Amino acid sequence: MLDLKQDFFALFGLPVGFSVDMDRLEQAYLDIQGKVHPDRFAHLPDADKRLSMQWATHANEAFRTLKSPLARGQYLLELKGIDPAFETNTAMSPAFLMEQMEWREALGEAREAADEEVLEELARRIRHSNRGLIEQLAVQFDQQGDLEVAADTVRRLKFLEKLQHEINDALTALES
Amino acid sequence: MALLQISEPGMSTEPHQHRLAVGIDLGTTNSLVATVRNGVALCLQNEDGRMLLPSVVQYLADGQIVVGRKAHAAQAVDPRNTIVSVKRFMGRGLKDVSHVETMPYDFVDAEGMVRLRTVQGVKSPVEVSAEILKDLRVRAERSLGGELTGAVITVPAYFDDAQRQATKDAARLSGLNVLRLLNEPTAAAIAYGLENASEGIYAVYDLGGGTFDISVLRLSRGVFEVVATNGDASLGGDDFDHRLFCWMLDNAGISLPSDRDARRLLMKAREVKERLSLDESVPIRMTLDSGDEVDLSIDRAVFVDITRPLVAKTLKPVKKALRDAGLEPDQVKGVVMVGGATRMPHVQQAVGEFFGRTPLTNLDPDTVVAIGAAMQANVLAGNRATEDEWLLLDVIPLSLGIETMGGLVEKIIPRNATIPTARAQDFTTFKDGQTAMSFHVVQGERELVSACRSLARFELRGIPPMVAGAARIRVTFQVDADGLLSVAAREQTTGVEARVEVKPSYGLADHEIADMLKAGFDNARDDMELRGLREQQVEAERVVEATERALVADAVLLNESEREALDAAIAALRTAAQGQDARAIKIQLEAFNRASNEFASRRMDKSIREALAGHRIDDLRI
């Protein structure tokens, strides 16, 4: 019997791993939502409605997790019993930390100067860096199976995502 | 005389009755009801052959309530008791409403949702809206010749939880079974997408009487997926009227018009605005009650100039929605224009310039939302075969969070999360021995609680005394397919459940709704009881029918004794439903739900497996 506790990869019939075939993931997600979505159950008894909401919620959570590289990496570590310890483990390579500081400074200055172009440029550089980390993760998880190293990369990705959010917020603030 | 229908030999009669379901566009200015008849969606007319019902309610001293055109005509005569644009007050406090100073109402200054004092007593916006919905329900029942199974009610996509809940409460109060709250731009996308077999990224720009929405959707074979939505829940055609109204006052040298004159001038402003969409110049002539003469003329260029900031204001949410969707304007394949206010040429022009393409105006911007809602209602009522159904994936417009120390917000569900969705977050105690915790639920994008909308407060009591920071209180947010939030809290180490009593900040408590329902029946207890009984009977019939159909398809999922137990439960429910005791039916319904739970789970399981199996077969073909 399927249950709501099974892992997200199994739910979509995908092999467990960092590299995910996005088309296949999306198709499986839509196929499942097509069966479980509350719109299919609006005319049915309450027991069915309740189940439908649980499953549709679960499918959305699973899809959201597997779609995003950061969430997927984090989830894979969790499945393997590794805590990425975002709050406590901040031991990063000096080079990475230097780059982070540089970017933060640039963000602060651009925010101060309300410079949209600089912000956009910064966002582009971070996206580039992001892509590099994602490629590394595929190797670390799926080829080398080195979870400690992967956890370190996931932590870096988390840093970058936070920075991306802040840039987005700064851009949004410029518009209003 | 109605002719009796006989089906062709060899053809079975319909497996189940066509259920009467409608879509309702509850608008700021006008409301509509639509349904699908013989596979075609159409708006229903009233006895006078009109589709648009002005969203105006007049309370008369003799206890009568007038809704629609007549009330609209009365607004300048009896402004205090004639409520227009009530949608702007739904789920809102007095301080949230713009232009209060020019409104002729007797507002009741109290906490929570704004109330209006009328000749028939104090009214909540929920009750006023319920009158509009009741009018449309009666119109639909007359026109379709039977009781409605349910309705899809549309709401602006950018409505927050309090506004959505208020809308649902109004529907309940009007005697409608709400199949779903549907976002207006999404409804329009369904109508447009199905009509034009569209595929790709589309934006819906929906400027109504009082609200603005922008939704970005991905349309693909049978799937409508909202990628991002944004908007302004208090920006619409009304604001254009108001700018023109102020211009008229300035240019006619009138400083403080009476309530009646203000209403007449506002009505005039709307008329002039509408004419300016067609004519380059419009004369404005009227004699006010005060004796003042208004003799002006306005050019379209002047109107465009004074309302330019409003048009610019709509483009900010558009930019935000695109950023959230990770898209550039030129990646949008088409921009569907919805809402009467998009008839203004300078609105169309601004949108066209922003996206670099002419917006799509081939659907009637007044009716497209109701038509889409009717199509969705038809699906939700179960009138279509599952294979022809489309899948609709919508999102919540605004982040949901909890207040933490220092007046900051911890976001639990981010905006644009696909619904239904649930997220949990752990909190802990601040002091040693702390046994209670109070939570403040807010909605919005800002980091400070004071800049977000307050939704509700609740308390968790009975936490066992522990040292500070030892308790683990998990707060779970669940947003359902209507975009409505429910919250649960639980202490993890001991399992103490919150006795959560939610006090809505701008909503109505359950007992208030119950009181209004009672009052609505004019103390005719029998009527209300009869209605309650009828509702339970209909629900029982629905449940029995659905289960029997499921048993035909999936009997193999049950063994002999399970089958017997379920059959017995059906028989018991059926017997109860034939009686006249609403409570007895309710008890049997609950018992039945328990008995059928396992069967429902197994069917769900089977259909998910089928979905995955189908998918793998597709893969093999590639």
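Residues numbered from 1 in each chain as written. Chains lettered and ligands numbered in written order. Predicted model: local features only at pLDDT ≥ 70, side-chain atom pairs only at ≥ 80, totals over all residues.

Caption draft 1: Region of the structure containing the overall build of chain A. Tallying secondary structure elements over chain A gives 7 helices and 0 strands in all. Helices and strands appear in chain A in the N-to-C order α-α-α-α-α-α-α. Reported as C-alpha extents along the three principal axes, the dimensions of chain A are approximately 60 × 45 × 30 Å. Within chain A, the proportion of its 176 residues that are buried is 34%. Within chain A, counting contacts between residues at least 6 apart in sequence, those at least 24 apart form 62% of the total. (Helix = DSSP H or I, 4+ residues; strand = E, 2+ residues; numbered from the N terminus. Buried ≥ 20, exposed ≤ 12 C-beta atoms within 10 Å, placed from the backbone. Contact = placed C-beta atoms within 7 Å.)

Caption draft 2: Highlighting unusual backbone geometry. Following B:Ile419, the chain continues to B:Pro420 via a peptide bond in cis, the omega torsion being 0°. With respect to the helices and strands, B:Pro420 occurs in the loop between β21 (408–413) and β22 (421–427). Not every positive phi belongs to a glycine, and A:Ala114 is a case in point at roughly 50°. Within the secondary structure, A:Ala114 sits in the loop between α5 (94–113) and α6 (116–144). The exposed category is assigned to A:Ala114, around which 11 C-beta atoms lie within 10 Å. The backbone of B:Asn416 sits at a positive phi, close to 65°, despite the residue not being glycine. With respect to the element layout, B:Asn416 can be found in the loop between β21 and β22. Since 19 C-beta atoms lie within 10 Å of it, B:Asn416 is described here as partly exposed.

Caption draft 3: Representation of the interface of chain A and chain B within the structure. Contact residues are listed per partner, giving 32 residues for chain A and 37 residues for chain B. Of all the secondary-structure elements, those providing two or more residues to the side of chain A that touches chain B are α2 (22–36), α3 (46–67) and α7 (147–175) of chain A. For the side of chain A that touches chain B, the per-class residue count stands at 15 nonpolar, 11 polar and 6 charged. (Nonpolar A, V, L, I, M, F, W, Y, C, P; charged D, E, K, R; others polar.)

Caption draft 4: Seen up close, the sheet that holds strand β10 (residues 121–123) of chain B. All names here are of chain B. The sheet built from 3 strands is open, its strands ordered β8-β9-β10 with antiparallel pairing. Two strands bound the open sheet, and with one partner strand each, they are β8 (106–108) and β10. Here the strands of the sheet are splayed against their neighbours by 40° on average, with no regard to which way each runs. In this sheet, β10 lies alongside strand β9 (residues 115–118) in antiparallel orientation, the contact comprising 3 bridges. What sits directly across from Thr118, in β10, is Gly121. (Pairing = 2+ DSSP bridges. Axes fitted to C-alpha atoms, helices over the stretch in contact; angles between N-to-C directions.)

Caption draft 5: Representation of the packing of α5(A) against α6(A) in the model. Residue and element names in this part refer to chain A. Running from amino to carboxyl end, α5 crosses α6 at an angle of 155°, the nearest separation of the two axes being 9 Å. Our classification of the angle between α5 and α6 gives roughly antiparallel. Handedness of the α5/α6 crossing: left-handed. Here α5 contributes Trp103, Ala106, Leu107 and Ala110 to the contact with α6, which in turn contributes Val118, Leu119 and Leu122. (Parallel < 35°, antiparallel > 145°, perpendicular 65-115°, else oblique. Left-handed = near helix turned anticlockwise from the far one by under 90°.)

Caption draft 6: Molecular detail of the nonpolar core. Counting residues in each nonpolar core, the largest one holds 147 residues, and the members touching the most others are B:Val22, B:Ile24, B:Ala151, B:Ala188, B:Ala373, B:Ala374 and B:Ala377. Here the element with the most residues in this core is helix α9 (residues 368–380) of chain B; it accounts for 10 residues. Ignoring any residue separated from it by four or fewer positions in sequence, one finds B:Val22 in contact with B:Val33, B:Ala34, B:Thr35, B:Ala140, B:Leu148, B:Ala151, B:Ala374 and B:Ala377. Grouped together as the second largest cluster of nonpolar side chains are 43 residues, A:Ala59, A:Leu76, B:Leu573 and B:Ala595 included. (Core = buried A, V, L, I, M, F, W, Y, C linked by C-beta atoms within 7 Å.)

Caption draft 7: Spatial organisation of the confidence of the model for chain B. Residues and elements named next belong to chain B. On average, residues of chain B score 88 in pLDDT, and 93% of them reach the 70 mark or higher. Contacts of residues 1–15 to residues separated by more than four positions or lying in other chains number 1 contact, the stretch itself having pLDDT below 50. Residue range residues 616–622 is modelled with pLDDT below 50. Its contacts to residues more than four positions away, or to other chains, number 1 contact. Of the two predicted TM-score estimates for the complex, the pTM is 0.89 and the ipTM is 0.90. (pLDDT = per-residue confidence, 0-100.)

Caption draft 8: Summary view of the sheet that holds strand β7 (residues 82–84) of chain B. Residues and elements named next belong to chain B. In space, the 3 strands of this open sheet follow the order β6-β5-β7, with antiparallel pairing throughout. Here the strands that pair on one side only, and so sit at the sheet edges, are β6 (65–67) and β7. Across this sheet, the average inter-strand angle for adjacent strands is 15°, counted without regard to direction. Relative to β6, strand β5 (residues 56–59) is paired through 3 bridges, and the arrangement is antiparallel. Residue pairing for β6: Gln58 is matched across the bridge by Val66. The sheet contacts of helix α2 (residues 125–144) involve β5, β6 and β7, and relative to β6 the element is tilted by about 65°.

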